[in-house]
Structure formats: structure tokens, C-alpha cells
Amino acid sequence: MSSTTTHSTLITPSFHNDDIHPENSAHPLLLKAFQLIHDYLSRDNDLSEADLANMADTPVRSAKAFASMVKTRTEIDKEIRHLLRTGFPMEKHEADYTPELITQGPIRVYSLCPHHLLSVEYDVFVSYIPAPDGMVLGLSKLARIVKTLSRRPVLQEQLASDIADVLSWTEGQKMPGIKSTGSAVSLVGKHSCMSCRGVESEAMTSSTALRKEFWKPEMEQKFYKAIELLTLRRD
Ligand SMILES: [Zn+2]
């Protein structure tokens, strides 16, 4: 019997503690995938008994951890629709309407890069201008929308664009959203596929998405000023 086979029998996931509850069980596909990764790591003949013992339940644990970081597109749409339903109506009328920005950030969220499935840490700044006949979102809902949209393997630019679309819905848009006069999103990402492998650089990457009113240079500037203020308050 090869040592790899021996290790494989040792690492068969044992279902301890909370693992015995069906609602907590890992998805079979993820379990299979992480079992294979585990087998790959266990091919090392120099692994000690302690190494093997520490990794005994890792396939189950990893499968659950990974599942907690990703949602399906349907789940995301459903959650966004739910969050948008809890908005508050604006009382202003067209006549006395002046564009007022609501800006929030940094909202720290974690996502996955679609190219390596490694984690990305984002600091997100979002801004939108409620339409006179539109809705104002609860502040915690704004952060939840960003968090929900980040729970999938997604390109940084696409994530910025999707958040901006939710905060400024336009006719024909598939993604749910609120009616607003414009939205702006700035994402600063720290990609572990860049920092822990390859070039091993800690460099940050920023992306910006602007919609409607924020295409005007003076509004774009107001957005960056608001970010500056929020960043100063943070320090
Ligand atoms: Zn990557």
C-alpha cells in the first residue's frame, strides 16, 4: 500500500460536533474538491502524526469555510431585492430638489478573484443621490448590499460596476436597484493572488464606477472629497 493511500484513509473526514447536523453539512462537491486537495498535501511522506491529526477534519472545515464565502447569483439577487424593500421614501418634490450625496465608507468586505479563487480584501466607498421620488436606504443596508454583492468570484471592475448599478437603477437593467440621480463607487482591493504568490506585491488596486449625475466633473470631485473626509475621520 502506498503512503498516499495510507494518508487518504487517515484523513477520511470524521463528522464531529456541529458537523453531525444536516444543515451544517458541507456540500458534496466542495467536500470532494477539498478531499482531493487534502490528498495532494498528504502525499508528503515526511508528514508527522501531528500534521495528519491537525488536518484530519480539514476537508469538511474547508468546504464549509469556502461555502460561507460564496453565494449563487440567484441568492444574491434575492438578498438584494429584500434589502431594497426596506428603503425609506423621500419627501422632496421635483421643484425644491437639490442633489445631495449620501456617502459611506470604508466598507470592508471580502471577495474572491475569479482567476485564482483566492481572497480579495476590499475597502469600498459608495455614494448615491436619492431621486426626488425615490428611496433612501438604511445605512446598514448600504453596507449589506456591498457585502452581498462581493460574496462570489468576481472581477474588481465588475464588482464596482454592479454596486453602482444597484444604487442607480436604469430601465432594462437586469440587476435590481433603486431609483437615484446617480451613484459612485470606489473600490480599493488587496488581492492575495498578488501578495501571496507570483509577484508577491502588497500593491493595492483601485477601481471606480460612476453613474449619471456623477459623470459631471463637479459631482465626481464631491465624491472624492467625501472619501477624503471619511478617510480622515477614520485615522
Ligand atoms: Zn487572481
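Relevant structure appears above.
Attention here is on the structure that accompanies the text. Just so it is clear, the model here is predicted, and its values are computed rather than measured.

### Quick word on the sheet that holds strand S5 (residues 180-191)
Spatially, S2-S3-S5-S6 is the arrangement adopted by the 4 strands of the open sheet, whose pairing is antiparallel. Of all the strands in the sheet, the pair left with one neighbour each is strand S2 (102-112) and strand S6 (205-212). Averaged over neighbouring strand pairs, the angle between their axes works out to 15 degrees when direction is ignored. In this sheet, S5 lies alongside strand S3 (residues 119-130) in antiparallel orientation, the contact comprising 11 bridges. Looking at S5, one finds that Val 126 is bridged to Val 185. Packing against the sheet, helix H6 (residues 139-150) makes contact with S2 and S3, and its axis sits at approximately 30 degrees to S2. Contacts between helix H7 (residues 156-166) and the sheet are confined to S2, S3, S5 and S6, with S6 contributing the most and set at about 30 degrees to the helix.

### Quick notes on the nonpolar core
Nonpolar side chains in soluble globular proteins tend to end up buried together. Counting 33 residues, the largest nonpolar core has Val 124, Val 126, Ile 163, Ala 164 and Val 185 as its most contacted members. Listing elements by their share of this core, those giving two or more residues are helix H5 (73-84), S2, S3, H6, H7, S5, S6 and helix H9 (217-234). The dominant element in this core, judged by the number of residues it contributes, is S3, at 7 residues. If sequence neighbours within four positions are ignored, Val 126 has contacts with Gln 104, Gly 105, Leu 142, Val 146, Ile 163, Leu 167 and Val 185.

Cut-offs used in this document
Residues numbered from 1 in each chain as written. Predicted model: local features only at pLDDT ≥ 70, side-chain atom pairs only at ≥ 80, totals over all residues. Pairing = 2+ DSSP bridges. Helix = DSSP H or I, 4+ residues; strand = E, 2+ residues; numbered from the N terminus. Axes fitted to C-alpha atoms, helices over the stretch in contact; angles between N-to-C directions. Contact = placed C-beta atoms within 7 Å. Core = buried A, V, L, I, M, F, W, Y, C linked by C-beta atoms within 7 Å. Buried ≥ 20, exposed ≤ 12 C-beta atoms within 10 Å, placed from the backbone.

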